[in-house]
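As a plain string of letters, each chain reads:
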Amino acid sequence: MRDAAYHAYFESHYDSLSRLAYLMVGDASAADDLAADAMTEVWRHWDRVQSADDPAAYGHGILMNVARNWIRRRSRERLFSLEVLKRAPESDVPVVLDVRRALAKLPHRRRACVVLRYAFDMSEREVATTLGISEGAVKSATSRGAKQLAEMLGGSLARINGWEAAA
């Protein structure tokens, strides 16, 4: 019974977890690995996931934690990489900002709130549940993240999936 319920959960939610991971880390290969890692954690905590008010949101929360840890590891690796230090400064290289790059520059919580609110069309309450924070924190992080995105994307108005944010 447990195996069948988990299998159904996996079939229903793996693609969503993989898309969310991709939006968080911007790397398709890493996104698949992170989604698989998240599903492993879902299995390890299956009783909690299954008894949650919203098992899908619980899984998204697990994925967000896995992605945050991956980002932290990568950040530490970059600090010690001579290759990064040898690169030309951005001012010397013409850079075209796209949404993925702009998202990658946002702090984790802001990125998570913006991605879950606008790419996954979650309500503030759903985002708060997924991330384990208050709705007020979601509103604040989403607003600040949207403003940062608008500024990074270079216009007074950024339009992302029908969403508008004043800079």
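Note: the structure precedes this text.
Numbers given for residues are sequential positions, taken from 1 along each chain in its written order. Owing to the predicted nature of the model, reporting of local features is limited to residues with pLDDT of at least 70; listing and counting of side-chain atom pairs is limited to 80 or more, with chain, interface and lining totals taken over all residues. As a rule here, side-chain values cover all heavy atoms of the structure and leave hydrogens and water aside.

A. A look at the packing of helix α7 (residues 108-119) against helix α9 (residues 135-152). Where α7 meets α9, the axes come as close as 8 Å, and the angle between the chain directions of the two elements is 95°. Relative to α9, α7 is oriented roughly perpendicular. The segment α7 lies against α9, with R109, R110, C113, V114, R117 and Y118 engaging A137, V138, A141, T142, R144, G145, A146, Q148 and L149. Its residues assigned to classes, the contact of α7 with α9 shows eight nonpolar, three polar and four charged. Only C-alpha atoms enter the line fits that serve as axes; for helices the fit covers just the stretch in contact. Angles between N-to-C directions range over 0 to 180 degrees. Where helices and strands are cited, they refer to DSSP runs of H or I of at least four residues and of E of at least two residues respectively, numbered from the N terminus. Angles below 35 degrees are treated as roughly parallel, those above 145 as roughly antiparallel, those between 65 and 115 as roughly perpendicular, and all remaining angles as oblique. Whether two residues are in contact is decided by their heavy atoms: any pair within 4.5 Å suffices. When residue character is reported, Ala, Val, Leu, Ile, Met, Phe, Trp, Tyr, Cys and Pro are called nonpolar, Asp, Glu, Lys and Arg charged, and the others, Gly included, polar.

B. Seen up close, the packing of aromatic side chains. Stacked, edge-to-face and tilted are the three classes for Phe, Tyr and Trp ring pairs, Trp counted by its six-membered ring, which pair at centre distances within 6.5 Å; planes under 30 degrees apart are stacked, over 60 edge-to-face, the rest tilted. Counted under the stated rule, the structure contains five aromatic pairs. Between Y6 and F10, the aromatic rings sit 6.3 Å apart at their centres with planes inclined by 50°, giving tilted as the arrangement. Here Y6 pairs with F10, and both are found in helix α1 (residues 2-25), just four residues apart, close to one helical turn. Given the relative accessible area of 15%, Y6 is considered buried. Working definition: with a 1.4 Å probe on protein chains only, accessible area under 20% of the residue-type maximum means buried, over 50% means exposed, and in between means partly exposed. According to the relative accessible area criterion, F10 is partly exposed, its value standing at 28%. On the basis of an interplanar angle of 20° and a centroid distance of 5.1 Å, the ring pair of F10 and Y14 is categorised as stacked. A residue pair is termed a helical-turn pair when its members lie 3 or 4 positions apart in one helix, as F10 and Y14 do in helix α1 at four residues. Taken together, the aromatic side chains of Y6, Y9, F10, Y14, W43 and W46 make up a single cluster linked through ring pairs.

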